Structure formats: C-alpha cells, structure tokens
Amino acid sequence: GVAAGQGTAGSPPPTPPRLGGILTLPPADRAAGFSTLAAGAEKQGRWEWATYLHLRAADLDPTSPSPLCSAALLHDEARGDTLGAAGLCRRALGAHPNCTKAMTHLARLLLEHPTIAAAGQKGAFTEAQQLLDAACVLDPTDAEAACLLITARGRAGSDPKAAKANLQETLTRTPPGPLRLEAQHAYGNALRDIGQYLPAQMVYESLLG
C-alpha cells in the first residue's frame, strides 16, 4: 500500500490536513502559511509539493520575491530544470528588479548553462556579468555574487585577451583575501589561455606562497 501522505506515482500531491486552515486566512497570512508548509516539505524531501506551495505563496503575495527564489532553487537543484529555474528568476526580477538573490541565482545558471540564454553563450556571460555587477552594487557584502563576478568577468566575451583585461581590472579593485586569491587564479588561467605560459606559471606559484 501507499504510505499516508505520500500519494501514488503520477498522482497530484495529497492535501495536508493543515492546508484547510490556511485557506481560510487572509491572502497575506495565507502566503506565509504556504511558505511555512513549503519549508517543511523541503525538509521531508517532497520537492514537487514544496515547489507547488512556494508558487502558491508567490501568487498570493507578489510583494515578496522569496517564494519565487525558493521555487527557482528547487527547479534547479532538485529537478534539474535549469530553464524553468531561470524563468522563475526572471519572473522574480520582473516584479522585484533589485532582488539580489534572484540576480545571483540567474547569473550562476547563465554561467553554468549558457545555452539557456536566447542570446547564446557570449550573451549569457555578458548578462551574467551585468547581473552580478548590479548585485554587488546593491549588496557589497554578498560574497557569492562577488565570487561569481570574478568568473563572469573572465568569461564575458569569447576573446581570451578581453578576458585577461577584464580579470586584470578586477584584480586592481579586489582587496586582499579569499576573493583576491580566486581572482588571481582566474587571471593565471586567462594568461595561460592566450599562450603566456611563463607569466601564468608565476601567478600560480604566487598562490602557493
């Protein structure tokens, strides 16, 4: 038999008992209730149900980008649906242009799966850099966006010499610390890609101390 609350293959997710009470709440409170249930479903590994609940919360409370961002993450990591995840990130940004979480996630998707961009690979890397530039301006403490920006600057455009110039400029404005080490490593790779093997080796050796 099927365990209670699990449903059968191909069937819609079952309705939890608590859902009936949530449906009687005002829309804003209903959205919060759906988000709470979604978080619980994620902990249980019920990805499809969690995604559905996040999207219901997003429909009920369009003032918050969080449910869409959470649904995008599930589409990407739990379902492997990168195109769907990118669409949800774009939907979040359409309603909330300054949502750094959506910017950073969409940029990561574009860097890891450039074929999802309508403009092709070069357009994907350029868009990712633009998103991360904006995210870092809005939140200078966002370490994930800063790290991804280093990668995006290296990949923007298909010209290795342009990548080297981008990374060189990044190095000049990156303070000492983990981000600078990552930028140095990317810069060494860019030097290698244009055939400057000795300078690349010197950069790599400097990273070893």
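What comes next is a walk through the structure. Here the structure is a predicted model, which is why all the values come from computation and not from measurement.

### Here we look at the packing of helix 4 (residues 66-77) against helix 6 (residues 100-112)
- One way to put it is that helix 4 packs onto helix 6 with a least axis distance of 10 Å and a crossing angle of 20 degrees. In this view, helix 4 runs roughly parallel relative to helix 6, as classed from their interaxial angle. Here helix 4 and helix 6 pass one another in a crossing that is left-handed. Here helix 4 contributes C69, A72, L73 and D76 to the contact with helix 6, which in turn contributes K101, A102, H105 and L109.
- Classifying every residue of the contact of helix 4 with helix 6 by side-chain character gives five nonpolar, one polar and two charged.

### Thoughts on the packing of helix 8 (residues 143-155) against helix 10 (residues 178-193)
- The N-to-C vectors of helix 8 and helix 10 enclose an angle of 15 degrees; their axes lie 9 Å apart at closest approach. The angle between the axes of helix 8 and helix 10 places the two elements in the roughly parallel class. Read as a crossing pair, helix 8 and helix 10 show a hand that is right-handed. When helix 8 is examined against helix 10, the residues A143, A146, C147, I150 and T151 are found in contact with a partner set consisting of L179, E182, A183 and A186.
- Tallied by class, residues from the contact of helix 8 with helix 10 come to seven nonpolar, one polar and one charged.

### Brief notes about the environment of E42
- By secondary structure assignment, the location of E42 is in helix 2 (residues 27-43).
- Exposure remark for E42: the relative accessible area of 27% places this residue in the partly exposed category.
- Note: C-alpha distance between E42 and L74 (32 residues apart in sequence) is 8.9 Å.

### Quick look at the pattern of salt bridges
- Throughout the structure, instances matching the rule amount to five salt bridges.
- Put simply, D59 and R91 hold a salt bridge, and the shortest N to O gap is 2.8 Å. With D59 in helix 3 (residues 47-60) and R91 in helix 5 (residues 82-95), this pair connects stretches of sequence that are 32 residues apart.
- For D59, a relative accessible area of 51% gives the class exposed.
- Residues E144 and R108 are paired through a salt bridge, measuring 3.0 Å at the closest nitrogen-oxygen approach. You can see E144 sitting in helix 8 and its partner R108 sitting in helix 6, a full 36 residues away along the chain.
- Each of R108, E112 and E144 takes part in one network of salt bridges that share partners.

Cut-offs applied
- One numbering rule holds for all chains: residues counted from 1, following each sequence as written.
- Thresholds applied to this predicted model are a pLDDT of at least 70 for local features of residues and 80 or more for the giving and counting of side-chain atom pairs; totals over whole chains, interfaces and linings are not thresholded and use all residues.
- Remark: hydrogens and water are excluded; side-chain values derive from all non-hydrogen atoms of the structure.
- For helices, the axis comes from a line fit to the C-alpha atoms of the stretch in contact; other axes are also lines fit to C-alpha atoms, and the angle between any two N-to-C directions lies between 0 and 180 degrees.
- Only DSSP runs of H or I covering at least 4 residues are called helices, and only runs of E covering at least 2 are called strands; the numbering of each starts at the N terminus.
- For this classification, under 35 degrees means roughly parallel, over 145 means roughly antiparallel, 65 to 115 means roughly perpendicular, and everything else is oblique.
- In this scheme the handedness of a crossing depends on how the near helix is turned from the far one: anticlockwise by less than a right angle means left-handed, clockwise means right-handed.
- Should any heavy atoms of two residues lie within 4.5 Å, those residues are considered in contact.
- Gly falls in the polar group here, along with every residue not listed as nonpolar (Ala, Val, Leu, Ile, Met, Phe, Trp, Tyr, Cys, Pro) or charged (Asp, Glu, Lys, Arg).
- A 1.4 Å probe rolled over the protein chains alone gives each residue an accessible area, and that area as a share of the maximum for its type sets the label: buried under 20%, exposed over 50%, partly exposed in between.
- Should a side-chain nitrogen of Lys or Arg be within 4 Å of a carboxyl oxygen of Asp or Glu, the pair is scored as a salt bridge.

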